[in-house]
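As a plain string of letters, each chain reads:
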Amino acid sequence: MAILFVLRAATSLRSSEACINLVFEMQQGKPFQAPTHTTIQNWILRLGLYELERPKEWAHDWVWIVDHTIQIGDIKCLFVVGVRASHWRQLGRPLEHHDLQVLELKPVEKSTGVIVQQQFTSIAERCGTPLAVLSDQGSDIKKGLQLWQAQQPASSGTVGLSDIAHKVASVLKRILQRDERWAQYTSQCGKTKVEIQQTKIAHLTPPKPKSKARYMNIAEQVRWGTRIGSLLRSHRQGTLCGEQLPGELLDKKLGWLDQYKSELSRWQELSDMGQEICRRIRTEGYHVGSASLLRSELPVARSEQAQQLREEMIAFVASESDKVPAGKRLPGSSEVIESLIGKGKRLEGQQSQSGFTRQVLAMAGSVVTPTHEIIQIALKSFGMKHLRAWCTEHLPQSVQSKRRRDLGAQKKEQNTNKVHQASMAMI
C-alpha cells in the first residue's frame, strides 16, 4: 500500500505514511504504526535496484527506448528501457510504464558518442542485439548508435528509429518560427498574463508557455485563445451564463484576441493535425504500410501550414517505415520514457536541486507492478548494503555535498519566536 500510494497515487513519501495511518484508523478504529517515510523510500529504491539488476531475457526482438536525463550540475544519466517487439504488437495500444523493463540506468560525468557506444555494447552483451533503438535523436545517442551499428555484423539488422512527437515538434517549430503572427500572439499572451493576474479576471490568464519542448505543447496556448474568443462573443451577445464577468475589463484586457480569429482557426488545425499524427503512430508504430495509412486516414488540410505539416510527416513516416524489416511492426513513440523521467523528477522533488541522488532508482521502480511476490523477492534479493554499494559506485558527489565541502555547513538561524516563548514561560 505504501509503495502504491507513492508510485500510482502520486503522494509524497510523508503523505504515504500519513495516508496509511488514516486508512487503518478509519477501518479499524484505532491508530496504526505505519512505516516511516524513510522506510517507504528505501523500499521503492530497493525495488528499483531489483528491476535494474535482475537478469533480463536474452532475445533479438528487443526494442530499446533511449533517452538522457539531466539535473543541476554536469552529470547526464543514460536511461534505457526495453520492450519485446512480439509483446508490443499484442498490446494494441500505446506503451505504458508497466510494459517496460529497465535495461540501463547509468549516471556519467561525461557523455559522448563513444561512451554511448560502449554503454550500448554492455547492454547488448547482457540482453542480446536489439531489433531497433528508438530515441529523440539527441546528438550523443545518435552518434553512439551510428558507431555501435558500424561495429555490428551486417546480419544484426538493428535499426535506429526516431520518435514521432519530436519530429512533429521540429516541423511545427520551423513552420511557426516563420509566422510573424504567432510570435506576436505569444508575446501578447505573456503581457496579458502579467496584466490580469491581480484582477477579477485572473482565472482567465493565458497558460504559461513551456520553457522546454514548447512546440510539442502549442495546443494549450491555441485552445486558450479559442475559448476566450468564444467567451468574448457570448459576452457581447449577452448570453453569458452564471455570474457575469466585468464586461469592460474583459474587452479592455482580452479584446485584442479579435484580431487573431482566423489565425487561431489555422493554428488549431495545425495543432490537431500534429496530435492526430502522433496518436496514430503511438498506437500503430512504423511498418511497411504506415505512410499509406496515414495519407488515407488524415483529414484533408485546409490551410497551407497544415498541408505542409501533413506532407512532411507522411514523408518522414515513410522513411522511418522503410527501415523496418518486412512483416514487422515497431514502436514509433518514445513518449513513454519521457513520462517515466517526468515521474522520476516528481519523486525526487526538492532533492533534484542537489543533482542526481539515489532517488534516481525510483524511475526503475516505477515500471514494476508491485505484487506481494515481487516485493518479497526484491527486498530479499537487495538489502540496504546493496543499495549503498550501488550509490557509492554509480552516483557522483551531490551538489549539496559539494556546497558543504567548499562553503562549510550553514548554521540554521535561531527561531526567535521559540526563544521568546521560552523566556516568557520562565518568567
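Residues numbered from 1 in each chain as written. Predicted model: local features only at pLDDT ≥ 70, side-chain atom pairs only at ≥ 80, totals over all residues. Heavy atoms only, no water.

1. Re the nonpolar core
Core analysis: the largest hydrophobic core is formed by 95 residues, its most contacted members being Phe-79, Leu-100, Ile-164, Tyr-185, Leu-254 and Leu-330. No other element matches helix H7 (residues 164-177), which puts 8 residues into this core. Not counting residues within four places of it along the chain, the set of residues in contact with Leu-330 comprises Val-63, Ala-85, Trp-88, Leu-131, Ala-132, Val-159, Leu-161, Gly-285, Tyr-286 and Val-324. Within the second largest apolar cluster, 16 residues are counted, among which are Val-66, Ile-123, Ala-124 and Ile-141. (Core = buried A, V, L, I, M, F, W, Y, C linked by side-chain atoms within 4.5 Å. Buried < 20%, exposed > 50% of the residue type's maximum accessible area, 1.4 Å probe, protein only. Helix = DSSP H or I, 4+ residues; strand = E, 2+ residues; numbered from the N terminus. Contact = heavy atoms within 4.5 Å.)

2. A closer look at the environment of Cys-391
Turning to its location among the elements, Cys-391 is positioned in helix H17 (residues 384-394). Sequence spacing of Cys-391 and Val-360 is 31 residues, and the spatial spacing of their C-alpha atoms is 10.0 Å.

3. Considerations on the packing of helix H9 (residues 218-237) against helix H10 (residues 247-254)
Contact geometry of H9 with H10 gives a least axis separation of 11 Å together with a crossing angle of 140°. For the element pair H9 / H10, the angle class is oblique. By crossing handedness, the relation of H9 to H10 is classed as left-handed. In contact with Trp-224, Ile-228, Leu-231, Leu-232, His-235 and Arg-236 of H9, H10 contributes Gly-247, Leu-250, Asp-251 and Leu-254. A per-class count over the contact of H9 with H10 returns 6 nonpolar, 2 polar and 2 charged. (Axes fitted to C-alpha atoms, helices over the stretch in contact; angles between N-to-C directions. Parallel < 35°, antiparallel > 145°, perpendicular 65-115°, else oblique. Left-handed = near helix turned anticlockwise from the far one by under 90°. Nonpolar A, V, L, I, M, F, W, Y, C, P; charged D, E, K, R; others polar.)

4. Regarding unusual backbone geometry
The phi angle at Ala-10 is positive, at roughly 60°, despite the residue not being glycine. Of note, Ala-10 is situated in the loop between helix H1 (2-7) and helix H2 (13-28).

5. As for the environment of Val-336
Mapped onto the fold, Val-336 is located in helix H14 (residues 335-348). Val-336 sits in the buried class, given a relative accessible area of 8%. Setting aside anything within four residues of it in sequence, one finds Val-336 in contact with Ile-65, Leu-95, Glu-96, His-97 and Leu-100.

6. Re the pairing of strand S2 (residues 76-84)
Within S2, 7 of the 9 residues are buried, which leaves it mostly tucked inside the rest of the structure. Pairing geometry for S2 and strand S3 (residues 101-108), over 7 bridges, is antiparallel. Each bridged residue has a counterpart across the sheet, and for Lys-76 the counterpart in S3 is Val-108. (Pairing = 2+ DSSP bridges.)

7. Some points on the side chain of Gln-221
When you line up the elements, Gln-221 lands in helix H9. The class of Gln-221 is buried, set by a relative accessible area of 11%. When residues no more than four places from it in sequence are discounted, the contact partners of Gln-221 are Trp-182, Tyr-185, Thr-186, Pro-207 and Pro-209.

8. Focus: the confidence of the model for the protein
Detailed conclusions should not be drawn from predicted coordinates in areas where pLDDT is low. On average, residues of the protein score 87 in pLDDT, and 87% of them are at 70 or above. Taken element by element, the predicted model of the protein shows its lowest mean pLDDT in helix H19 (residues 416-426) (52) and its highest in helix H13 (residues 304-321) (97). (pLDDT = per-residue confidence, 0-100.)

9. Some words on the side chain of Lys-253
Within the secondary structure, Lys-253 sits in helix H10. No salt bridge is formed by the buried Lys-253; the nearest opposite charge belongs to Glu-195, separated by 4.1 Å. With near-sequence residues (within four places) excluded, Lys-253 lies in contact with Thr-192, Glu-195, Ile-196 and Ile-201. (Lys, Arg positive; Asp, Glu negative; His and termini not counted. Salt bridge = Lys/Arg side-chain N within 4 Å of Asp/Glu carboxyl O.)

10. Comments concerning H14
Residue pairs three or four apart in sequence face the same way in an α-helix, which turns once every 3.6 residues. Here H14 contains 14 residues, and its C-alpha end-to-end distance of 20 Å stays within 8% of the 20 Å for a straight helix at 1.5 Å per residue. Among all positions of H14, only Val-336, Ile-337, Leu-340, Ile-341, Lys-343, Gly-344, Leu-347 and Glu-348 are buried. In an axial view of H14, the angular spread of the buried residues amounts to 160°, which keeps them on one side of the axis. (Expected span 1.5 Å × (residues − 1). Arc of directions from axis to C-beta.)

11. Overview of the pattern of salt bridges
Here the structure, examined in full by the defined rule, presents 19 salt bridges. One salt bridge in this structure joins Glu-104 and Arg-126, with 3.1 Å as the shortest N-O distance. Taken together, the positions of Glu-104 in strand S3 and Arg-126 in helix H5 (residues 113-127) put the pair 22 residues apart, joining distant regions of the chain. Residue Glu-104 is classed as buried on the basis of its relative accessible area of 8%. Notably, a salt bridge pairs Glu-263 with Arg-181, separated by 2.9 Å at the nearest N-O pair. Residue Glu-263 is located in helix H11 (residues 261-284), and its partner Arg-181 is located in helix H8 (residues 180-196); the two are separated by 82 residues in the primary sequence.

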